[in-house]
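So the chains spell out like this:
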Amino acid sequence: MGSWGTAIFSDDVAADVRADWRDGILDRVPPEELTAKLINSYAAQADEPDDGVVFWLALAAAQHETGRLRPDVRDTALDILDRGGDVARWEEEDPGLAKQRQQVLERLRRKLAGPQPAPKRLKRPVPHGVAFDVGDAVLLRSPGGKRAIVVVVGHKPGWPKGTENPVVELLLWDDARELPTREFMATAPPLFTDSEVPNRFRQGPARIRPELFSVLTAQKASAFSANIGEVIAKGIPRPPAGEYRDGSVMSGDVIVSGVQWRWFGVFMDQPRYEAMRELTRAHTGPRRKRWTDLFKRGGLS
């Protein structure tokens, strides 16, 4: 879905690549085989201009930090860095962040071009996720003082293996400093997006679809805490906007993006958040009508 910082792994795609690499090493997949597997798995991102930079730099950094940097991956990453990496894209968003990103890329280049560490023995990570039930409504806060509400509508397999990530919908809610009713949280539209990955097999304008989020908690720093938000209601009867197990930027009735809890706060303070809210207003009604009558009959509490 995006970045929440200028560090190499402060990005959805980069964090996924790192997790998949470490999982493969822990499963004793040979590095050469694992590299080919990840390149194939992330083919769509690797071929896309922006995500391609993120993918190759993340793969190289993940291999370096585990002492298993492949020569072909190193050469690809160094070529990307020699051509400026993705600093220009950051410059469009924020010149100050672009300078920080430039420094990050310079440090990475020195690591990749210098002597490589010996292979490291990895340990299975300890889960840091907070358990959320389907129907939990969570009030989130941004550093800039904005508030938003997400509702858990399902779960997806998480990392480490055996854990689950909550799948949430970010509601179209106008914060008037008073919390919404349970009916509102069950029926308000989720935010829509027009994000698409270039696909030569598909023609026409970008599709406008609901965006759901699989919240990743692979590291202690990404864990949910009181600084991020709080559960304000449980048992909200809200069905997902679409089949999230099939959702992706390539196909499906919905898009499912992997993010961390703290990403929401950063996102809420960005222009893209308001743009998605306006897009949603233009393409949805004020409520999911099919559920409103159930509240009126007292069928949901």
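Note that this is a predicted model, so its numbers are computed, not measured.

Let us look at the packing of helix H2 (residues 31-41) against helix H4 (residues 49-65). In the contact formed by H2 and H4, the axes pass within 12 Å of each other and the chain directions differ by 160°. If you check the angle between H2 and H4, you find them roughly antiparallel. The two elements H2 and H4 cross, and the hand of that crossing is right-handed. Side by side, H2 and H4 meet where Thr 35, Leu 38 and Ile 39 of the first sit next to Phe 55, Trp 56, Leu 59 and Gln 63 of the second.

Side chains that differ in sign of charge can pair as their charged atoms come close. Tallied over the entire structure, the rule returns 20 salt bridges. In this structure, Asp 86 and Arg 89 form a salt bridge, with 3.4 Å as the shortest nitrogen-oxygen distance. Take Arg 89: its relative accessible area is 26%, and that puts it in the partly exposed class. Between Lys 234 and Asp 136 there is a salt bridge, and its shortest N-O distance comes to 2.8 Å. Taken together, the residues span a long stretch of sequence, with Lys 234 in the loop between strand S6 (229-233) and strand S7 (255-260) and Asp 136 in the loop between helix H7 (95-113) and strand S1 (137-141) at a distance of 98 residues. Bridged by salt links that share partners, the residues Lys 146, Asp 174, Glu 274, Arg 277, Glu 278 and Arg 281 form one connected network.

For the rest of this paragraph, the subject is the nonpolar core. Leu 57, Leu 59 and Leu 112 are the most contacted members of the largest nonpolar core, which has 36 residues in total. Those elements that provide at least two residues to this core are helix H1 (12-26), H2, H4, helix H5 (71-82), helix H6 (87-93) and H7. Top contributing element to this core by residue count: H4, with 10 residues. When near neighbours in sequence (up to four residues on either side) are disregarded, Leu 59 contacts Val 17, Trp 21, Thr 35, Leu 38, Ile 39 and Val 73.

Right, let's talk about the confidence of the model for the chain for a bit. This prediction gives the chain a mean pLDDT of 84; 83% of its residues lie at or above 70. S1 holds the highest mean pLDDT among the elements of the chain, 97, whereas helix H11 (residues 289-296) holds the lowest, 49.

This paragraph deals with the pairing of strand S3 (residues 164-170). Counted residue by residue, S3 has six buried out of seven residues, so it is predominantly covered. In the sheet, strand S2 (residues 147-157) pairs with S3 via seven bridges, with the strands oriented antiparallel. Paired with Gly 154 across the strands is Val 167, a residue of S3. As judged from the three bridges shared by S3 and strand S5 (residues 209-216), these two strands associate in the antiparallel manner.

Moving on: H5. The terminal C-alpha atoms of H5, which comprises 12 residues, lie 16 Å apart, in line with the 16 Å expected from a rise of 1.5 Å per residue. Every buried residue of H5 is listed here: Val 73, Ala 77, Leu 78, Ile 80 and Leu 81. Buried residues of H5, seen end-on, are gathered within an arc of 160° and therefore sit on one face of the element. The inward-facing, buried residues of H5 contact H2, H4 and H7. Count one or two residues on from H5 and you reach Gly 84, which has phi positive near 100°.

Rules used throughout
- Residues numbered from 1 in each chain as written.
- Predicted model: local features only at pLDDT ≥ 70, side-chain atom pairs only at ≥ 80, totals over all residues.
- Heavy atoms only, no water.
- Axes fitted to C-alpha atoms, helices over the stretch in contact; angles between N-to-C directions.
- Helix = DSSP H or I, 4+ residues; strand = E, 2+ residues; numbered from the N terminus.
- Parallel < 35°, antiparallel > 145°, perpendicular 65-115°, else oblique.
- Left-handed = near helix turned anticlockwise from the far one by under 90°.
- Contact = heavy atoms within 4.5 Å.
- Salt bridge = Lys/Arg side-chain N within 4 Å of Asp/Glu carboxyl O.
- Buried < 20%, exposed > 50% of the residue type's maximum accessible area, 1.4 Å probe, protein only.
- Core = buried A, V, L, I, M, F, W, Y, C linked by side-chain atoms within 4.5 Å.
- pLDDT = per-residue confidence, 0-100.
- Pairing = 2+ DSSP bridges.
- Expected span 1.5 Å × (residues − 1).
- Arc of directions from axis to C-beta.

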